[in-house]
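Listed here are the chains, written in short residue letters.
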Amino acid sequence: MIDDVDEAIERYRAEVTAEAELSRADLDEIEDHMRALVADLREGGLPLAEAIAHARARLGEPRQLAREHARVRSPFGARLSRSRAWSAAALLALPVILYGHNSFRHGITTVDLAVWTALVGALAARRTWARAIVLGRVATSVVLETVHVVAGSHVDGVAENFGRERLVLLALFAAVLALLAPWHRRDLGRRGFALALLGPAYVAAMSSVIVWSNAPVSAVVADPVGSFALASVVVAYLGVLRGARWASLAAVLVVLAFAAGFGSHLASAPIAEIIELRVVTLGALGALGALAAVFVAWRSPPKDSHDLSSRTL
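Residues numbered from 1 in each chain as written. Predicted model: local features only at pLDDT ≥ 70, side-chain atom pairs only at ≥ 80, totals over all residues. Heavy atoms only, no water.

The next subject is the overall build of the chain. Helix and strand counts for the chain come out as 15 helices and zero strands. Out of the 313 residues belonging to the chain, those deemed buried represent 48%. Long-range pairs, those at least 24 residues apart, make up 76% of the contacts in the chain with a sequence separation of at least 6. (Helix = DSSP H or I, 4+ residues; strand = E, 2+ residues; numbered from the N terminus. Buried < 20%, exposed > 50% of the residue type's maximum accessible area, 1.4 Å probe, protein only. Contact = heavy atoms within 4.5 Å.)

This part takes up the confidence of the model for the chain. On average, residues of the chain score 77 in pLDDT, and 73% of them are at 70 or above. Per-element averaging of pLDDT across the chain places helix α14 (residues 262-267) at the bottom with 54 and helix α9 (residues 190-197) at the top with 91. Here residues 155-159 is modelled with pLDDT under 50, and outside its nearest four sequence neighbours on either side it reaches four contacts, counting other chains as well. Ignoring residues within four places in sequence, the model shows residues 304-313, a span with pLDDT below 50, making 26 contacts including any to other chains. (pLDDT = per-residue confidence, 0-100.)

Turning our eyes to something else, we now look at the packing of helix α12 (residues 224-242) against helix α13 (residues 246-259). Across the interface, α12 lies against α13 with an axial gap of 8 Å and an inter-helix angle of 160 degrees. In terms of orientation, α12 and α13 fall into the roughly antiparallel class. Like other packed secondary-structure pairs, α12 and α13 cross with a definite hand, here left-handed. Every residue of α13 that contacts α12 at Val225, Phe228, Ala229, Ser232, Val233, Val235, Ala236, Leu238, Gly239, Val240 and Arg242 is listed here: Trp246, Ala247, Ala250, Ala251, Leu253, Val254 and Ala257. Of the residues in the contact of α12 with α13, the class split is 15 nonpolar, two polar and one charged. (Axes fitted to C-alpha atoms, helices over the stretch in contact; angles between N-to-C directions. Parallel < 35°, antiparallel > 145°, perpendicular 65-115°, else oblique. Left-handed = near helix turned anticlockwise from the far one by under 90°. Nonpolar A, V, L, I, M, F, W, Y, C, P; charged D, E, K, R; others polar.)

Here we take up the packing of aromatic side chains. Summed over the entire model, instances satisfying the criterion amount to one aromatic pair. Their ring planes at 55 degrees and their centres at 6.3 Å tell us that Tyr202 and Tyr237 sit as a pair that is tilted. Placement of the pair is Tyr202 in helix α10 (residues 199-212) and Tyr237 in helix α12, with a sequence separation of 35 residues. A cation sits over an aromatic face here: Arg137 above Trp116, 5.8 Å from the ring centre. (Phe/Tyr/Trp six-rings, centres within 6.5 Å; stacked < 30°, edge-to-face > 60°. Lys NZ or Arg CZ within 6 Å of the ring centre and 35° of its normal.)

Summarising the element assignment, Ile97 is placed in helix α5 (residues 82-100). As a C-alpha pair, Ile97 and Thr117 span 20 residues in sequence and 8.9 Å in three-dimensional space.

Here we take up the environment of Leu94. With respect to the element layout, Leu94 can be found in helix α5. As a C-alpha pair, Leu94 and Leu172 span 78 residues in sequence and 8.3 Å in three-dimensional space.

Okay, the pattern of salt bridges next. Side chains that differ in sign of charge can pair as their charged atoms come close. One pass over the full model with this rule turns up six salt bridges. A salt bridge links Glu31 to Arg13; the shortest N-O distance between them is 2.7 Å. Taken together, the residues Glu31 in helix α2 (residues 24-43) and Arg13 in helix α1 (residues 5-19) connect sequence positions 18 residues apart. Residue classification places Glu31 among the buried positions, given a relative accessible area of 18%. As a salt-bridge pair, Arg35 and Glu31 come within 3.1 Å of each other at their nearest N and O atoms. Remark: Glu31 and Arg35 occur in helix α2; sequence separation between them is four residues, near one turn of the helix. Each of Asp6, Arg13, Asp28, Glu31 and Arg35 takes part in one network of salt bridges that share partners. (Salt bridge = Lys/Arg side-chain N within 4 Å of Asp/Glu carboxyl O.)

You will see that Arg126, though not glycine, has its phi angle at about 65 degrees, which is positive. Here Arg126 shows up in the loop between α6 (107-124) and α7 (128-152).

In this section: the packing of α10 against α12. Running from amino to carboxyl end, α10 crosses α12 at an angle of 145 degrees, the nearest separation of the two axes being 8 Å. With respect to the hand of their crossing, α10 and α12 are arranged in left-handed fashion. Together, Gly199, Ala201, Tyr202, Ala205, Met206, Ser208 and Val209 of α10 and Gly226, Ser227, Ala229, Leu230, Val233 and Tyr237 of α12 make up the contact between the two elements. Across the contact of α10 with α12, the residue classes break down as nine nonpolar, four polar and no charged.

In structure tokens, the structure reads:
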């Protein structure tokens, strides 16, 4: 019998990995269960070696355990470990709270804040679809804040303290991105990648509508291109979540919206030079991301009763 917990867990992880290529998050969760079982059995009076053996027996044979994890695996990818999910949610809550200070001036920003708040909650609950959506949006934010920090010092009218605020946001988004990014090639499923790829398009379209929300008429009238792109992105998100291939059609409409002059239209708004640079970056990222999502969503297997479990969503 093995009388060292760390050695027993390492051996058990190796045996499970040999049976199925599970993500690190899956393996960490198995390890947490085994440590908890050993601790409970030790409190019950069992010697360490026997507690390890009983814990291993309760978890099941590595082949059986690997098959069970594969059966309930979400099509969006693997569940994050509690530490990664909760850390990412806590860090993301900070910019969301800061965003909330200015969100009630316009209805559209309030809607966007509500979406972000819901995503933070779903991320803390370790929903795999939320991890994929936030991953795409946070990756976009990292690029945008990098552009802002690098280019802001060369643009007139950008205050020094505002530049420091962007640095803080960049650090926060980069930390969240590191926690959510795949650490294993199977951490994200195809539908998870599709959700992530739609992130830049959502940020671009939402930013466009927010800019034009100051117009004397409704944002839909003032910004028909951005409004159409935003509606198409939302439909594409819903299609991917449902496992429907018509999500690809919605993503095509997003690409067409960007091709219809999204960037030039938004750049004509009364905005600062640094915002114009962000607009150009957003337009490029949104178009490329939506185009890639077209192919990924189309190739993703349709939803069925075997590839989706409410326990891992």
